[in-house]
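# Secondary and tertiary structure notes
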Amino acid sequence: MAMAALAARRTRRRAGVVPLAGVRVRSAEDWWWDRLAPSGSGCHLLQSDSMLLVLPGSGPARARTKRRVARQAQRQPLPGHHAAASKPKATPRPEPAPAPEEVPDAGWGDRIPLEILVQIFGLLVAADGPMPFLGRAARVCRRWQEAASQPALWHTVTLSPPLASRPAKGGVKVEKKLLASLEWLMPNRFSQLQRLTLIHWKSQVHPVLKLVGESCPRLAFLKLSDCHGVTTDALVMLAKACRQLHSLDLQHSMVESTAVVSFLEEAGPRMRKLWLTYSSQTTAILSALLSGCCPQLQVLEPLSCLQHGPHPQVLRLLNLTWLPKPSGRGVALGPGFPSLEELCLASSTCNFVSNEVLGRLLHGSPNLRLLDLRGCARITPAGLHNLPCQELEQLHLGLYGMSDRLTLAKEGSPLLTQKWYHTLRELDLSGQGFSEKDLEQALAAFSGTSGGSHPALCSLNLRGTRVTPSTVSSVVSSCPGLLYLNLESCRCLPRGLKRAYRGLEEVQWCLEQLLTTPPSLY
């Protein structure tokens, strides 16, 4: 009996507990779904690979009825030891009709309105650019492909052949293959393009620019970097087709000056920014600018240039090889640069900037504050004295790296100080060949200020000049605000004083040494 009872208990343990009739068995998954979105709460659940979303509104019902019916059909009641054989068999219930096939849920990505999806994509494009994000997003689903295809998202594009470093034949094939893709992309994606950059295009620049002119009327900025074969016809056609184009960057590209001049003649009235690469042909472009073809130009940068306002305020042409052609008689001067405040023509080598060139540049610039002509050995004090600016604050005329035989002895430095002594804050005459008497007369202008006011001079560079101790003593005594004084290589000064002085204390110490040192030690 004991062995029979033990065997019966083992049989019941293996078979499990038989559910009572009419009691619904719920799985753990059903329990969690009912807890997160109870029936009648107005919410439904959407499940994806890595997240579970609770969304408002009535959603599609879960396909659980069919699976539950299938499990109940497979489950057979096990005969228990307590089942009475005399009980009549229950009449089997009819099987419920199978639930209709439900369309699988496409996911939450398809439930986002197209307008909101485009705005989300726009934020990502603004941060990282349209590529490669838009290309990858278009492969997710149809809704994302529709959003990624909106032309408003393709407003900034950079195009560069992927095999630009390969041999010439391979590069041509790659450019032609990319050009074939652009023939479809330009009208279908780039219709609202505003900024375009072309890099390393060697042979197909003209066809690309032709497509841009035909399909991108809103283009405002064009940059050509390391591009060859840019023709006059391509730039002129682009200027006529893209009426909103106001910025052109041609740095590090091979473009003829005639092409740039023709482009400026067509698009000049609306041009605001222009970047060029230093070359011997830059003079022709600058001559066109001086004629007044770009009245709204704000940025002109052959090498370094920053401007603000409706006209250029700062023009820096560093190390520019200026080879001006002689202008004919009776040629009318253009409007020039009426808002110019800073002009830099500094060069580390000898250049050909003359008084005539400087006059043509500054004839209409009465508000000039800074003039940097370091290395311009052909500029004379008489040419500077004829400039229309009356309140120049910084004047740099230093000659650096030039031998003595190229530095000619000059006279006329008093013309500079007598005109601008009341406004000059920085004066650089290093390397100039003015005589001792000429320098004495020039620096004496700072001692004769009227009304008891002190000069504004705070920086004076006399390196390598023939300035005398008495002249230095006079100018230091007359300028109490002098904070920088360079006396290096001044042959007329005592050996221990030939150095640069920075700060008020060092400058005053130099003055004391000059006043206490007997003339016999000079």
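Structure: see above.
Residues numbered from 1 in each chain as written. Predicted model: local features only at pLDDT ≥ 70, side-chain atom pairs only at ≥ 80, totals over all residues. Heavy atoms only, no water.

## Some remarks on the sheet that holds strand β11 (residues 370-372)
The strand order across the open sheet formed by 8 strands is β9-β10-β11-β12-β14-β16-β17-β18, and the pairing between neighbours is mixed. Either end of the sheet is taken by a strand with one partner, and the two such strands are β9 (314-316) and β18 (500-502). Along the sheet, successive strands turn relative to each other by an average axial angle of 5 degrees, direction set aside. Note that strand β10 (residues 342-344) and β11 share 3 bridges and pair parallel. (Pairing = 2+ DSSP bridges. Helix = DSSP H or I, 4+ residues; strand = E, 2+ residues; numbered from the N terminus. Axes fitted to C-alpha atoms, helices over the stretch in contact; angles between N-to-C directions.)

## Overview of the pattern of salt bridges
Counted under the stated rule, the structure contains 7 salt bridges. E391 is the partner of R369 in a salt bridge, and the nearest nitrogen-oxygen pair spans 3.5 Å. Residue R369 is located in the loop between α12 (355-362) and β11, and its partner E391 is located in the loop between α13 (381-385) and β12 (394-396); the two are separated by 22 residues in the primary sequence. Given a relative accessible area of 42%, E391 falls into the partly exposed group. Of the charged contacts in the structure, one is a salt bridge between E393 and R369, with a shortest N-O distance of 3.9 Å. Here E393, found in the loop between α13 and β12, pairs with R369, found in the loop between α12 and β11; they are 24 residues apart in sequence, far enough to count as distant. Residue E393 is classed as partly exposed on the basis of its relative accessible area, which comes to 29%. Here R369 falls in the partly exposed class, since its relative accessible area comes to 27%. (Salt bridge = Lys/Arg side-chain N within 4 Å of Asp/Glu carboxyl O. Buried < 20%, exposed > 50% of the residue type's maximum accessible area, 1.4 Å probe, protein only.)

## Some words on the pairing of strand β5 (residues 221-225)
Most of β5 sits inside the fold, with 4 of its 5 residues counted as buried. Of the pairings in the sheet, the one linking strand β4 (residues 195-199) to β5 comprises 5 bridges and is parallel in character. Looking at the pairing, I199 lines up with S225 of β5. Relative to strand β6 (residues 247-249), β5 is paired through 3 bridges, and the arrangement is parallel. Looking at the pairing, F221 lines up with S247 of β6. As for the winding sense of the linkage, the β-α-β connection from β5 through helix α9 (residues 232-241) to β6 is right-handed. (Right-handed = clockwise from strand over helix to strand, strands pointing away.)

## Let's talk about the packing of aromatic side chains
Across all of its chains, the model carries 5 aromatic pairs by this definition. Aromatic side chains F121 and F133 sit 5.2 Å apart centroid to centroid with 85 degrees between the ring planes, which places their arrangement in the edge-to-face category. Residue F121 is located in helix α4 (residues 114-128), and its partner F133 is located in helix α5 (residues 133-137); the two are separated by 12 residues in the primary sequence. Among the residues examined, F121 registers a relative accessible area of 2% and is labelled buried. Taking the relative accessible area as the measure of exposure, F133 reaches 24% and is therefore partly exposed. For the ring pair W154 and F190, a centre distance of 5.8 Å and an interplane angle of 50 degrees mean the geometry is tilted. With W154 in the loop between α6 (142-148) and β3 (156-159) and F190 in the loop between α7 (168-188) and β4, the pair connects residues that are 36 residues apart, well separated along the chain. Given the relative accessible area of 9%, W154 is considered buried. When its relative accessible area of 2% is taken as the criterion, F190 is described as buried. In textbook terms, an aromatic cluster arises when at least three aromatic residues are bridged by ring pairs, as seen for F121, F133 and W144. A cation sits over an aromatic face here: R195 above F221, 4.1 Å from the ring centre. (Phe/Tyr/Trp six-rings, centres within 6.5 Å; stacked < 30°, edge-to-face > 60°. Lys NZ or Arg CZ within 6 Å of the ring centre and 35° of its normal.)

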